[in-house]
Amino acid sequence: MRIEHARMHAKHRGHEAMHAEMVLILIATLVVAQLLLVQWKQRHPRSYNMVTLFQMWVVPLYFTVKLHWWRFLVIWILFSAVTAFVTFRATRKPLVQTTPRLVYKWFLLIYKISYATGIVGYMAVMFTLFGLNLLFKIKPEDAMDFGISLLFYGLYYGVLERDFAEMCADYMASTIGFYSESGMPTKHLSDSVCAVCGQQIFVDVSEEGIIENTYRLSCNHVFHEFCIRGWCIVGKKQTCPYCKEKVDLKRMFSNPWERPHVMYGQLLDWLRYLVAWQPVIIGLVQGINYILGLE
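Residues numbered from 1 in each chain as written. Predicted model: local features only at pLDDT ≥ 70, side-chain atom pairs only at ≥ 80, totals over all residues. Heavy atoms only, no water.

1. A few points about the overall build of the protein
So, point 1. Looking only at helices and strands, one finds ten helices and two strands in the protein.
So, point 2. Partitioning the intrachain contacts of the protein with sequence separation of at least 6 by distance along the chain shows that 63% fall at a separation of at least 24.
So, point 3. In the form shown here, the protein has an accessible surface area of approximately 18,200 Å², with 67% of it arising from carbon and sulfur atoms. (Helix = DSSP H or I, 4+ residues; strand = E, 2+ residues; numbered from the N terminus. Contact = heavy atoms within 4.5 Å. Areas by Shrake-Rupley, 256 points an atom, 1.4 Å probe, with all protein chains shown as cover.)

2. So, the environment of Trp277
So, point 1. Mapping Trp277 onto the fold places it in the loop between α9 (259–276) and α10 (278–291).
So, point 2. Through-space distance from the C-alpha of Trp277 to that of Val59 is 9.5 Å; in sequence the pair is 218 residues apart.

3. Some words on a nonpolar patch on the surface
So, point 1. Together, Ile119, Tyr122, Met123, Phe127, Leu129, Phe130, Leu132, Leu135, Phe136 and Ile138 line one region of the surface with nonpolar side chains, adding up to about 1,100 Å² of accessible area.
So, point 2. Counting through the fold element by element, Leu132 comes out in the loop between α5 (99–129) and α6 (140–176). (Patch = residues over 30% accessible without salt bridge, like charges linked within 9 Å, V, L, I, M, F, W, Y side chains within 5 Å. Salt bridge = Lys/Arg side-chain N within 4 Å of Asp/Glu carboxyl O.)

4. Quick word on the UniProt feature "transmembrane region" (unreviewed entry) in the protein
So, point 1. The feature "transmembrane region" (unreviewed entry), as given by UniProt, occupies residues 21–40, 72–90, 110–136, 143–160 and 270–292 in the numbering adopted here.
So, point 2. Overall, residues 72–90 shows 100% helix and 0% strand. The separation of its end C-alpha atoms is 26 Å.
So, point 3. In this annotation, residues 110–136 is assigned 74% helix and 0% strand; the end-to-end C-alpha distance for the span is 30 Å. (UniProt positions renumbered as here; feature names shortened; annotations may be inferred.)

5. Quick word on unusual backbone geometry
So, point 1. In this structure, Pro94 follows Lys93 across a cis peptide bond, with omega equal to 0°.
So, point 2. Looking at the secondary structure, you find Pro94 in the loop between α4 (70–90) and α5.
So, point 3. Backbone geometry places Asn220, a non-glycine residue, at a positive phi of 75°.
So, point 4. Among the structural elements, Asn220 can be located in the loop between β1 (214–216) and β2 (222–224).

6. Here's the deal with the nonpolar core
So, point 1. If you look at the biggest cluster of nonpolar residues, it comprises 45 residues, and the most contacted ones within it are Phe107, Leu217, Phe223 and Trp231.
So, point 2. Those elements that place two or more of their residues in this core are α3 (45–67), α4, α5, α6, β2 and α7 (225–234). (Core = buried A, V, L, I, M, F, W, Y, C linked by side-chain atoms within 4.5 Å. Buried < 20%, exposed > 50% of the residue type's maximum accessible area, 1.4 Å probe, protein only.)

Dropping the structure here:
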C-alpha cells in the first residue's frame, strides 16, 4: 500500500499547476452546468423533467451491469415492469375509473418501502459508526456495506417513483378535465366530485367515513382524503387540482408523525440532481481534461 502511494506521488510530482487547472475546470463546469440546468428547468420544465427522469432510470443501470450488481438489476427490472404497466394505464384515454387509485396505491407503496428502507439503512450506518455492530458480532465492513446498500436502494427508488408519479398525476388529472398544467380546467367541478380521480364523494367533510374520509382544502374544494394525499405526497403537487391555490402542507399533515414524509420528499427532490446530472457533469469534466491533455 505504501509503495503504491509513493508511486502515485512520484507520478504526479511537479504537476501542481496542472492539478490547479483541473480544479478550476471542475468548479467552472459545475457552476455553468448548474446555471444552464436552472434556466432549462424554468423555461422548459416538461422536457427537463422527462430528460432527468430518463437519466435517473438509465444511468444506474449502466453501472449495475458494469459492476455485476445482479440483485439491483433484478429489482430494477421488476420495478420497471410494474411501473411501465401503471404508467401505460395512466396515459390511456378515456381513463378507466379505477386507474387513479391504482396509480396512487402503487407509487404510495413504493414510497413507503423506500422510506422504510432508507431509514433502516441510515440506522445501520450510524450503528456501525458508533460500533454497535460489534454487539451482534458483525464485521464493520459488512455492517457498513449493508447500511449503504439499503440507503442507496431507498433513496434511488424514492426519487424515481416520485418523478414517475408526478408524470402520471399530470396525465390523469388533465385527462379527467378538472386540471390542466397551464390555463383553466375544461370541466366545471361539482361539490360532490373529486377533481383528482373524477369520482363521486359520498362522505361529507364533517362526517367520519368507514372506509375513507373527505378532506377540504383552504380554497374550499373537497376531495377524497386518499386522493388529495396521493396528489400532494406522491404526485409532488402543492396546489389545488382544480383552482391551483397553494396547499398548506403543514395544515394537511398536522400529525407530527406525518411531517417527516414531507421532509423526506424534499430530500428526494434535492438528491435528484446528484443521481441524474452529477455523473454527466463529472463525465463532461473528464472529457475536457482529456482534450486538454490534463491528468
